[in-house]
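# Residue-level structure breakdown
Now for the letters of each chain:
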Amino acid sequence: MKTNYHLKSKNHNKPGRRIVLLLIFFVLGAGFFSFFGKYTIGLMEPVWRSQNVVVRGISNSFEWLRSKDSLIKENAYLREVVASRELELVALRAAADRELRLLEILGRTEGREGTLASVLVRPPETPYDVLIIDAGTNQGIVAGQQVILPEGTIIGVVSEAYRSSSRVILHSASGQKINAVLERNGAPIIMEGRGGGNFRITLPRDMAVEVGDRILSADISSSLLAVVGKVSLGPTDSFKEVLATSPANIFSLRFVLVLP
Amino acid sequence: MTRNRAIISLIIIALMLIGPYWLYVPVLVLATLTFPLYWEGILLGFVIDTFYGLGNYESLFMRFPVALGVTILILLMPLARKYLRLNA
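Now for a quick tour of the structure. (Residues numbered from 1 in each chain as written. Chains lettered and ligands numbered in written order. Predicted model: local features only at pLDDT ≥ 70, side-chain atom pairs only at ≥ 80, totals over all residues. Heavy atoms only, no water.)

Looking now at the nonpolar core. Judged by nonpolar contacts, the single largest core of 32 residues is most densely connected at W48(A), L28(B), F46(B), F51(B) and Y52(B). Elements with a minimum of two residues in this core: helix 1 (14–61) and strand 1 (115–121) of chain A together with helix 1 (2–18), helix 2 (21–34), helix 3 (40–52) and helix 5 (65–84) of chain B. Contacts of F51(B), omitting those with residues within four sequence positions, involve T40(A), I41(A), M44(A), W48(A), I132(A), R167(A) and M16(B). If you look at the next biggest cluster of nonpolar residues, it comprises 19 residues, including I178(A), I201(A), L225(A) and V228(A). (Core = buried A, V, L, I, M, F, W, Y, C linked by side-chain atoms within 4.5 Å. Buried < 20%, exposed > 50% of the residue type's maximum accessible area, 1.4 Å probe, protein only. Helix = DSSP H or I, 4+ residues; strand = E, 2+ residues; numbered from the N terminus. Contact = heavy atoms within 4.5 Å.)

Across the contact, 30 residues belong to chain A and 35 residues belong to chain B. Our enumeration of links across chain A and chain B arrives at one salt bridge. A salt bridge links R63(B) to E160(A); its shortest N-O distance comes to 3.5 Å. Here chain A and chain B share six residue pairs in polar contact (both at pLDDT 80 or more) between them. At the level of secondary structure, the elements contributing two or more residues to the side of chain A that touches chain B comprise helix 1, strand 2 (130–133), strand 4 (154–161) and strand 5 (166–170) of chain A. The element best represented in the side of chain A that touches chain B is helix 1 of chain A, accounting for 16 residues. Here the side of chain A that touches chain B is composed, by residue class, of 18 nonpolar, eight polar and four charged. (Salt bridge = Lys/Arg side-chain N within 4 Å of Asp/Glu carboxyl O. Polar contact = N/O pair within 3.5 Å; in protein donor to acceptor, adjacent residues only side chain to side chain. Nonpolar A, V, L, I, M, F, W, Y, C, P; charged D, E, K, R; others polar.)

Geometric descriptors of this kind do not, in isolation, establish any biological role.
Structural data, given as structure tokens:
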């Protein structure tokens, strides 16, 4: 039979059905991974551990390719850096001792003993500023514990603890907020994470801040959190935007300390 | 086609385990744009969010942003094909 009109498509409501099916798939998947996600992390641990060993081995095996000349230059540069850092360290140690004595007098000494953990996964493997460390509930880790570098810099907080690993959200993760103090004038500020080890701070126009200023934690330990990297201020702006960077290189972290 | 989808999915899994995010996320997006109804991408998104996500979020949408992004992309692909005439 010849028809001169459009036949009604049988797949007329296909897009609607597709949307519903995909949404159901998403909700079911979200439920499944919310519930069973922590078990899959446990399964992945051996892979991450072995991967760390393999990657380190490969990077070490390429060392011999570097030229002798570049190594001599690098060695000389590093000697200078070490000498400079040693001087700084001596000065800082004296100041730290004075601070410790003062805290002892005031009865506010604070132990920094914690659980040392190795970093299994770090950015840029993770799209967000998240670390997976190799210490979990077996080592007494619980969600909410602070995570610092062995040098004392506060970097994040444990968000989830599994049996033998934990997830750490860095303070620089996008959307995270942390109270801090601007060392230059002792002003309390709120730093907002911007990802990649960076922070954004909004300050009143008249507040003095310069590149290189240190930002300290708001607790009594006053640990270093970030260093001011850029200050932006338009001629008609009421507030200045400050970008700060964590002193820790989050892309090459190997060990962290989880505070009790 | 099915074989290609499987191979690309395996490549994304391998990249996810050993590579940086700026490698496996673009490959995932490209696969979603290339293959029709690439539902495996949603699963891979869930895996990425489970392994490397921020965790502990109240909302399912905030907890699985990569999976949500891939789902939205798959939903938008027929529209894009229609208006951009990608199949022409």
